[in-house]
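# Reading the structure
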Amino acid sequence: MSGISLIYTTFGSSEEARRVAMTLLQERLIACANHLAPIVSQYEWQDEFHEEQEFLALLKTSAAKAEAAMIRLRELHSFDTPAILSWNAENADADYAKWVWGQVCDQQTV
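None of the values given here were measured: they were computed from a predicted structure.

The rules behind the values
- Residues numbered from 1 in each chain as written.
- Predicted model: local features only at pLDDT ≥ 70, side-chain atom pairs only at ≥ 80, totals over all residues.
- Heavy atoms only, no water.
- Pairing = 2+ DSSP bridges.
- Helix = DSSP H or I, 4+ residues; strand = E, 2+ residues; numbered from the N terminus.
- Axes fitted to C-alpha atoms, helices over the stretch in contact; angles between N-to-C directions.
- Contact = heavy atoms within 4.5 Å.
- Salt bridge = Lys/Arg side-chain N within 4 Å of Asp/Glu carboxyl O.
- Buried < 20%, exposed > 50% of the residue type's maximum accessible area, 1.4 Å probe, protein only.
- Expected span 1.5 Å × (residues − 1).
- Arc of directions from axis to C-beta.

## Things to note about the sheet that holds strand S1 (residues 4-11)
Reading across from one edge, S2-S3-S1-S4 is the order of the 4 strands in this open sheet, with antiparallel pairing throughout. Sheet topology places strand S2 (32-45) and strand S4 (84-88) at the edges, where each strand pairs with a single neighbour. Sheet twist, expressed as the mean angle between neighbouring strand axes with direction ignored, is 25°. Inspection of the sheet shows S1 paired to strand S3 (residues 48-62) by 8 bridges, in the antiparallel sense. Within S3, the residue paired with Phe11 across the bridge is Phe55. Against the sheet, helix H1 (residues 14-26) makes contact with S1, S2 and S3, and its axis sits at roughly 130° relative to S2, the strand it touches most. Contacting S1, S2 and S3, helix H3 (residues 94-104) crosses the sheet at an angle of about 95° to S3.

## Overview of the pattern of salt bridges
In this structure the tally under the stated criterion is 2 salt bridges. Note that Glu27 is salt-bridged to Arg72, the shortest N-O span being 2.9 Å. Of the two residues, Glu27 is situated in the loop between H1 and S2 and Arg72 in helix H2 (residues 66-76); the sequence distance between them amounts to 45 residues. Here Glu27 falls in the partly exposed class, since its relative accessible area comes to 35%. Of the residues examined, Arg72 reaches a relative accessible area of 24% and is grouped as partly exposed.

## Here's the deal with H1
Between the first and last C-alpha of H1 there are 18 Å, a value that for 13 residues agrees with the 18 Å anticipated at 1.5 Å per step. All of the buried residues along H1 are Glu16, Ala17, Val20, Ala21, Thr23 and Leu24. The buried residues of H1 occupy an angular sector of 155° when projected down its axis, which confines them to one face. Turned more than 90 degrees away from the buried face of H1 sit Glu15, Arg18 and Gln26, all of them exposed.

## Side note on H2
One turn of the α-helix equals 3.6 residues, which is why residues spaced by three or four share an orientation. Where H2 is concerned, the buried positions are Ala66, Ala69, Leu73 and Leu76. Along H2, the residues classed as buried sweep out an arc of 90° about the axis, all on the same side. With respect to the buried face of H2, the exposed residues turned more than 90 degrees away are Glu67 and Glu75. Where H2 is buried, its residues meet S1, H1, S3 and S4.

Below, the structure is given as C-alpha cells:
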C-alpha cells in the first residue's frame, strides 16, 4: 500500500468546494484538492427524486490523516448528509507519496 488516501465528496457550489478545500489545505489535513467539472447527481432524498448539478472534489491525503480530514470535512460541509467516501490508493508514485506525506504529516509521523 502507498500510504495515500483519496477522499471523494460533492458540493452544491464551486465556491463552497474551493473554500472547504482551502481550509483543509491550511489545516494540513489534505495535500491536494482536484476540482472536477460540474457533474449531474441523481438521487432520492426525503421521498423525492432529484437531479442537480454538483461540484466534485477529490482530496488527497495520507492514510494517517484520512479520518481526521473526513471528520473536519463533515464539520465544514453544508449538506445535511454529504457524500464523503474514502479509500486507500493501492499504489502511488514514490516521489508523489513522499510529497503528500510531507504536506500533511509532521516529521514524527512520517
